Structure formats: C-alpha cells, structure tokens
Amino acid sequence: MRAHAQATMSPSASENDLNSVSPKPVVTRFAPSPTGFLHIGGARTALFNWLYARHHGGTFLLRIEDTDKARSTTAAIDAILDGMRWLGLDWDGQEYYQSEFAARHSEVAHALLEGGAAYRCYMTPEELTAQRERASAERRPFRIVSPWRDVSDVSEEQTGKPFVIRLKAPGDGETVIDDQVQGRVTVQNSEIDDFVLLRSDGTPTYMLAVVVDDQDMGVTHVIRGDDHLNNAFRQLCIVRAMGWPDPVYAHVPLIHGPDGAKLSKRHGALGVDSYRDELGLLPEAVGNYLLRLGWGHGDDEIISQSQAIDWFDLAHVGKSPSRFDFKKLENLNGHYIREADNQRLADLIAPRLELSEDQRGLLVRAMPELKARAHNLNQLADGALFLFATRPIAVDQAAAEHVAGDGRDLLAAAHDALAKVSNWHAPALEEAVRGVAERREVKLGKLAQPLRVALTGQTTSPGIFDVLALLGREESLARIADILVEPNE
RNA sequence: GGCCCCAUCGUCUAGCGGUCUAGGACGUCGCCCUUUCACGGCGAAAACACGGGUUCGAUUCCCGUUGGGGUCACCA
C-alpha cells in the first residue's frame, strides 16, 4: 500500500491523561475511504469532528479506510490529505491506514467466535441469493437465516469448505442509542441480522474494522454522516459482545443538492480541490459555509475558525438534511476575498496570469480595487487582465460603441488634458478629467465610459481614476491614442 | 416494500409554552450612493406542511396524515 511512519495503535491519547481530571478526554476521528476525492460532505464531517475535538481540547485522528484495495488509490489518499490541509483541519499524529490492522480485525473476529458471539457460516452464495429471492417473491423483508448459527459440531467434510464468520445478532429485545444529534433512537433487535465479520478470504468487513479500530484508537466520539445511523446498531453489537465501552454517537444529516436529493455528481458534486482550483474559492469561505450548513449560532454568519472552535457544539447541529446553496457560498467567498491580504491574493492568481516580478508588483497595488469586485479567484484574475494587456488592446464588441462618435471627440479632449497632467495620481487625474467634462458640458459618465473602454477594452472596471493611476502616464496615454488613430470597424 | 430519521420564508437558519403582528443571512425586487461594475446603506415581498389532542395559552409538547431523506451486500 503506502509507505509511512508506523502508526502505533496505542490505546487512548495517553499524553492527555495527566491533564484531564474527571471526564475522559475527547477523541474524534475522520475515516474516509480513499475511493475518490474528498467530497464536500466528507469535508463537513471532518470539520465537525475537528471542531469538536479542538473545542474540548481533545484529539482529532485521521484514519484512511483502505480495506477495499480494489477501489482505493494513492491519488485519492493524497487528494484527501491535501483537501484537509487546505481547509486547515490538522489531525493529531500520523494518519492511520486501516488495511494495516487486518490481523487485529481477524483476531477480534476469532475472539468473538471463541466467546460464542459469532459463528462460522458455510452458506454458499447461491443459497444466499436463493433465500433473498424467496423473500422478495413473498414480499417480506429479507433477513438472513443461517442454518449454521447454532450448529455446534461441524462435519469434517464441511470444515474444509469456505466460510464466513457472522455475528450472532441478539435476536430479541431492543437497542437504544442516545445520539447526540438525532436524539434517542430505538431499534428492535429482531431487525439486526447476522452480518458478516470476516469474509471467506479472511479479510475483515467494514463493520468489524471500524469498531475494532475505533476501540484501539481510543475514539470516544463517533461523529459521521447520517447514512451510518443504521450501521451504528450493528456496530454496537460488536462493541458490546467484546465488552468494550459504547462510544458516543453523533449522526450528522447529509448534504443534499438543490433539488433535495442526495448530493451527487449530477449536482456537480466536486472534490474540495475543485472548489479551490476550478471555482476559485478560499478555504475560509468553504469552511465557514460548511459550518453554517446544518449548524447555527444565533444570528452569526461570518465565523472565524477560532470562533468556531469556541462555539461549536453538537446540540446545535440540525436534524434534517440541508441543501447546498452555491450562491451563498460564493457570497461568503466574496466577503473573504475582500478581507484577504492583497499580497496573498496576488500570489494566488499570479500563476494563472503568468506574470513577471514587476507585473506582480502592479497586481498587488491594484488589488484593493480588484478584490472589491470579485466573488471568486477566477473573477479576480479576469478583472486584472486589463492591467497586463499588450497594446493595442482588444476592445469588446459591446464596448466599442462608446468610443465612436461623440465618445471619440471627448476622448481626444481627455487625451490632451491628461497629457498636461504632471502629477500622475488619482486626485490630479480626476481634476483633469472632470475639467474636460465641464468644459464640454457633459456628465462625467459620458466621458468616463469611453475612457474606460480605451483603457481596459471593457465597460466595467475599477474606478477610472484608479485605472489611470495604476496603468501609469505613458501606458494610459498610449492606449487612448491607439483608439483615436485606429478607425473604428 | 421493511426498518430508522426528519419537517420555520425559494435556500441556510434563530426560536427550546406566553417576548412571534416569527428574527438574521443568501437569493429576488425597489430606492439611495455613483464614472461602469462591485461594495455599502435603506426598504419590500417571502415561512411555522395538514389534522387532531395536551394546556388558560402552542412555531414550540404528544398522536396521526402527508411529504422528504437514509438504510436494507462476503462496499465502505
């Protein structure tokens, strides 16, 4: 699989033991399976686990559930780690890889077997499907009934055949989980079937692996997606059969697409890497959005990561699924772009603009004007394009009309006035341009638009005086002159 | 279909029996600011799914209906 420092499965976060007095220290974990990118729902689960641990001064662990070797890839693992780092979700210690604990999983399965809480089941796949089909034909719920459940002595001929180890489910009574998000949930034990612990090839199933790993890693709080709530009852059977302490469960509702159905590729469900690279979002915006999706703190909307750590709790996590609203995410992103450091933003978009050092300087200087207008980094980069365009600059079709007719005359007048400005800064430039407008008895807008088109090639841009100042005297006058000499097409 | 869960403006949510003629945010629509676009400011439309209870009093508690979601593998 993958080389990494040995992750010791030391029970509990022993480092904290001396400091914590009565309640046991909180240990949470995020346990993604590396079969794809870190999707947005996973990111939120990770965020909640991280926040809960940090809020309680506990430990946040990361475990890669790579037991399905056929579907797990190192590229997916890297994408997950990368996504978490980007979101600022640092995990404690080395990440764990579930595949490395197969022996331990098997050991527990056999312990269960010895203790009589599990049994070898020799049913063939054919027998299984036959049973399943019979159930659906009779329109009754399928629950496996293995003839091997209570067989004590197995014939020698049989023992040579392949078998799986199944848990002996309780059968009667009921199991209750006090879920920190969903509340008290009760399930009749008759609903819980004899699920597989160890496959016929000796590998552990997910159901077994999670429980064993959570126990060995000292996980106290299992915070995960709602889709695992049903599993929790089965997992609890293993926990109790082993005599281990129940973990605290918190099942967070899933994120849905705009149409209310589970978020999927159809909705453009993306990896967090796409939120960064393709959508041009800032990690603080994505984090803030994810936090507020399904959790609230009064009327607060803009919440920093440290505030989130202070405020986060499971009690205020909503119980119903929430829909993903991209508009709100982008609005938040606009806010964080405006808040962001100019140099940082310039560094973020410089690569896609392919700038020289000098040009980077200009970009930083222009940033206060540029960032006020962008909701994502793509818009930010687009907005900066005019600064680095080479003359004669291209003029948008729609913009061209502003530099024809009257506009052209005004532009000529502006050019002359600007050429006389000695102190090339916004205030002086404004004075000169306004002077022209007054003499020609036109509103400033009549002059500003042609000027904007000549300087940027577009009808929208930062304030025109800032544009002039940013571009500099020589470049500005040249761009205006270009328009004046070039006959309009 | 069985089991489990959920239900406040279009969306995210506040509300934890009277403070609700239901608050905030995004989005939408006006107006203001203004050289364009944004930003910002002001304002508007917009919700307690329905029906029964409990209670002096229900958005808040209980039951049912409807609607939505999750889950039913030798996948995780």
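Residues numbered from 1 in each chain as written. Chains lettered and ligands numbered in written order. Predicted model: local features only at pLDDT ≥ 70, side-chain atom pairs only at ≥ 80, totals over all residues. Heavy atoms only, no water.

### Things to note about the layout of surface pockets
Empty space within the largest pocket amounts to approximately 1200 Å³. Lining the largest pocket are 41 residues, and of these S33, H39, G42, D227 and H228 sit closest to its centre. Elements represented by at least two residues in the lining of the largest pocket include exactly β1 (27-30), α1 (40-55), α6 (206-216) and β9 (221-225). The element that contributes the greatest number of residues to the lining of the largest pocket is α1, accounting for six residues. (1 Å grid on protein atoms, 1.4 Å probe; cavity = no way out; pocket = protein on both sides within 12 Å on 5 of 7 lines; lining within 4 Å. Points joined across faces, edges and corners; volume = space filled by probe spheres on them. Helix = DSSP H or I, 4+ residues; strand = E, 2+ residues; numbered from the N terminus.)

### Comments concerning the sheet that holds strand β4 (residues 118-121)
With antiparallel pairing, three strands are arranged side by side in an open sheet as β4-β5-β8. Both outer strands of the open sheet, β4 and β8 (196-198), are each paired with one neighbouring strand and no more. Pairs of neighbouring strands in the sheet enclose a mean axial angle of 45°, with direction left out of account. By the bridge criterion, two bridges tie strand β5 (residues 164-167) to β8 in an arrangement that is antiparallel. Paired with I165 across the bridge in β8 is L198. (Pairing = 2+ DSSP bridges. Axes fitted to C-alpha atoms, helices over the stretch in contact; angles between N-to-C directions.)

### As for the confidence of the model for chain A
Looking at chain A, pLDDT values average 89 and 93% of them are 70 or higher. Summarising per-element confidence for chain A, the mean pLDDT is lowest in helix α5 (residues 156-159) (73) and highest in β1 (98). Confidence drops under a pLDDT of 50 for residues 1-21, and excluding neighbours within four residues, the segment shows 37 contacts in the predicted structure. This complex was scored by the predictor with a pTM of 0.91 and an ipTM of 0.95. (pLDDT = per-residue confidence, 0-100. Contact = heavy atoms within 4.5 Å.)

### Regarding unusual backbone geometry
Here the bond from R391 into P392 is cis, since omega is -10°, no more than 30 degrees from zero. Structurally, P392 is set in the loop between α14 (377-384) and α15 (397-400). Located in the positive-phi region is E354, a residue other than glycine, with phi close to 55°. Along the polypeptide, E354 turns up in the loop between α12 (342-353) and α13 (357-371). Of note in this structure, E441 is not a glycine but carries a positive phi near 55°. On the secondary structure map, E441 appears in the loop between α17 (426-439) and α18 (444-456).

### Topic: the environment of A130
Following the sequence through the fold, A130 ends up in helix α4 (residues 125-137). Given a relative accessible area of 31%, A130 falls into the partly exposed group. Measuring from C-alpha to C-alpha, the distance between A130 and Y97 comes to 36 Å, with 33 residues separating the pair along the chain. (Buried < 20%, exposed > 50% of the residue type's maximum accessible area, 1.4 Å probe, protein only.)

### Some words on empty space enclosed by the protein
The full count for this structure, using the stated rule, is one cavity of 30 Å³ or more. Reported here for the largest cavity is a volume of approximately 40 Å³. When grouped by side-chain class, the residues that make up the lining of the largest cavity number two nonpolar, three polar and two charged. (Nonpolar A, V, L, I, M, F, W, Y, C, P; charged D, E, K, R; others polar.)

### A word on the protein's contact with RNA strand B
Close to RNA strand B lie 63 residues, the nearest being R199, G294, S320, R373 and R452. At the protein interface, 68% of the atoms of RNA strand B within 4 Å belong to sugar or phosphate. E65 is positioned such that a nitrogen or oxygen atom in its backbone is 3.5 Å from a sugar or linking oxygen of RNA strand B. Between RNA strand B and S461, the relevant distance is 2.6 Å, taken from a base nitrogen to a main-chain nitrogen or oxygen of the residue. In terms of residue class, the surface near RNA strand B is made up of 17 nonpolar, 24 polar and 22 charged. (Near = heavy atom within 4 Å. Polar contact = N/O pair within 3.5 Å; in protein donor to acceptor, adjacent residues only side chain to side chain.)

### A short note on the state of the cysteines
What the rule picks out here adds up to zero disulfides. The thiol sulfur of C121 is not disulfide-bonded, and the nearest other cysteine sulfur, from C237, lies at 17 Å. On the accessibility criterion, C237 (11% relative accessible area) is buried. (Disulfide = S-S within 2.5 Å.)

### Brief notes about the pairing of β5
In summary, the side chains of a regular strand alternate between the two faces of the sheet. The two faces of β5 match: V164 and R166 on one face and I165 and L167 on the other face are all buried. Bridging between β4 and β5 involves four bridges; their strand directions are antiparallel. The partner of A118 across the bridge, within β5, is L167.

### Considering the environment of Q359
Considering the arrangement of structural elements, one finds Q359 in helix α13. A relative accessible area of 25% means that Q359 is categorised as partly exposed. Between the C-alpha atoms of Q359 and F388, which are 29 residues apart in sequence, the distance is 7.4 Å.

### Regarding the packing of aromatic side chains
What the rule picks out here adds up to seven aromatic pairs. Relative to F324, the ring of Y275 has its centre 6.2 Å away and its plane inclined at 70°; by these criteria the two rings are edge-to-face. Of this pair, Y275 sits in helix α8 (residues 272-277) while F324 sits in the loop between β12 (322-323) and α11 (326-339), placing them 49 residues apart in sequence. A residue is classified by how much of its surface remains accessible, and Y275, at 4% relative accessible area, is buried. Between W295 and F312 the ring centres are 5.6 Å apart and the planes differ by 35°, which places this aromatic pair in the tilted class. In this pair, W295 sits in the loop between α9 (283-292) and α10 (305-311) while F312 sits in the loop between α10 and β12, placing the two residues 17 residues apart along the sequence. For W295, a relative accessible area of 3% corresponds to the buried category. Among the aromatic residues, those joined into a ring-pair cluster are F48, W295 and F312. The lysine or arginine in question, R276, covers the ring of W86, its NZ or CZ lying 5.9 Å from the ring centre. (Phe/Tyr/Trp six-rings, centres within 6.5 Å; stacked < 30°, edge-to-face > 60°. Lys NZ or Arg CZ within 6 Å of the ring centre and 35° of its normal.)

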